[in-house]
Amino acid sequence: MAKGSSSYTEFNNLMQQLEKNQIAPIYLLHGEEFYFLEQLITKIEEVVIDKATASFNHHVFYGKETQVSDIINIARRFPMMADKQLVVFKEAQYCKSPDAIIPYLENPVESTILVWYHPSKKLPMNRKLGMAMKKHAVIYTGEPVPEKEVSSISKLYIEKKGYDIEPRPLHLLVENSGFKFSTIVKELDKVFSNVEPG
């Protein structure tokens, strides 16, 4: 399975795999860069879930209020009127018994896509669950974009959306955001919603 990476290139590679319908049975999305993590979840949802059967086959759980056994019970079911079902476990960092998912990781159901979403901090990869994820999951680590790369990645993001920006306004945007890529994206998306591409 794929090793964890925080690079913009790896993010785009994973997005391209999903666009080609190359879907893994288990994903670990963790780290601090929310933009990349949220985009990956949205893309997985788009690719896996048919809107017509979403109410049957799209299951979202939250770490504070869910027992891992409930996730496993749903994950071991077969999808209804579809080839795949999606099980997303959000706020997994608050899970009280995360190791309980390991038997499922070792023997997943082919028709279920499980996303273990652990934002804000990284899952410790030297513990039981982390080691099991290394063996069985596609891992994406949403590290903060390094300061020296924020401008170039922001420019790529702007160009990908069909816009252009002069160096001076880009520099001001990056500085005013505190060099946080997620903050830059939020500000840019506000602008894009009111301006035609070009």
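Preceding this section is the structure that the text describes.
Analysis parameters
Residues numbered from 1 in each chain as written. Predicted model: local features only at pLDDT ≥ 70, side-chain atom pairs only at ≥ 80, totals over all residues. Heavy atoms only, no water. Core = buried A, V, L, I, M, F, W, Y, C linked by side-chain atoms within 4.5 Å. Buried < 20%, exposed > 50% of the residue type's maximum accessible area, 1.4 Å probe, protein only. Helix = DSSP H or I, 4+ residues; strand = E, 2+ residues; numbered from the N terminus. Pairing = 2+ DSSP bridges. Right-handed = clockwise from strand over helix to strand, strands pointing away. Axes fitted to C-alpha atoms, helices over the stretch in contact; angles between N-to-C directions. Polar contact = N/O pair within 3.5 Å; in protein donor to acceptor, adjacent residues only side chain to side chain. Contact = heavy atoms within 4.5 Å.

Some words on the nonpolar core
- Counting residues in hydrophobic clusters, the biggest one holds 38 residues, and the most contacted among them are Y27 and L29.
- Element by element, the count of residues in this core is highest for helix α2 (residues 34-48), at 7 residues.
- Listed in part, the 26 residues of the second largest apolar core include A75, V87, L129 and A132.

Considerations on the pairing of strand β3 (residues 85-90)
- Most of β3 is tucked away: 5 of the 6 residues are buried.
- Taken together, the 5 bridges between strand β2 (residues 58-62) and β3 define a ladder with parallel strand orientation. What sits directly across from H58, in β3, is L86.
- Taken together, β2, helix α4 (residues 68-75) and β3 constitute a β-α-β crossover, and its handedness is right-handed.

Overview of the sheet that holds strand β4 (residues 112-119)
- Across the sheet, 5 strands lie side by side as β2-β3-β4-β1-β5; this open sheet has parallel pairing. Here the strands that pair on one side only, and so sit at the sheet edges, are β2 and β5 (138-142). Each strand axis lies, on average, 15 degrees off the axis of its neighbour in the sheet, ignoring direction.
- Of the pairings in the sheet, the one linking β3 to β4 comprises 5 bridges and is parallel in character. Considered in β4, the bridge of V87 is made with L114.

Regarding the side chain of N57
- Turning to its location among the elements, N57 is positioned in helix α3 (residues 54-57).
- For N57, the side chain forms a polar contact with the main-chain nitrogen of M80, separated by 2.8 Å.
- Discounting residues that sit within four places of it in the chain, N57 has contacts with I49, P79, M80, A82, K84, Q85 and L86.

Examining the environment of Q16
- With respect to the helices and strands, the residue Q16 is situated in helix α1 (residues 8-19).
- Look at Q16 and you get partly exposed, because its relative accessible area is 42%.
- With 27 residues separating them along the chain, Q16 and K43 place their C-alpha atoms 9.8 Å apart.

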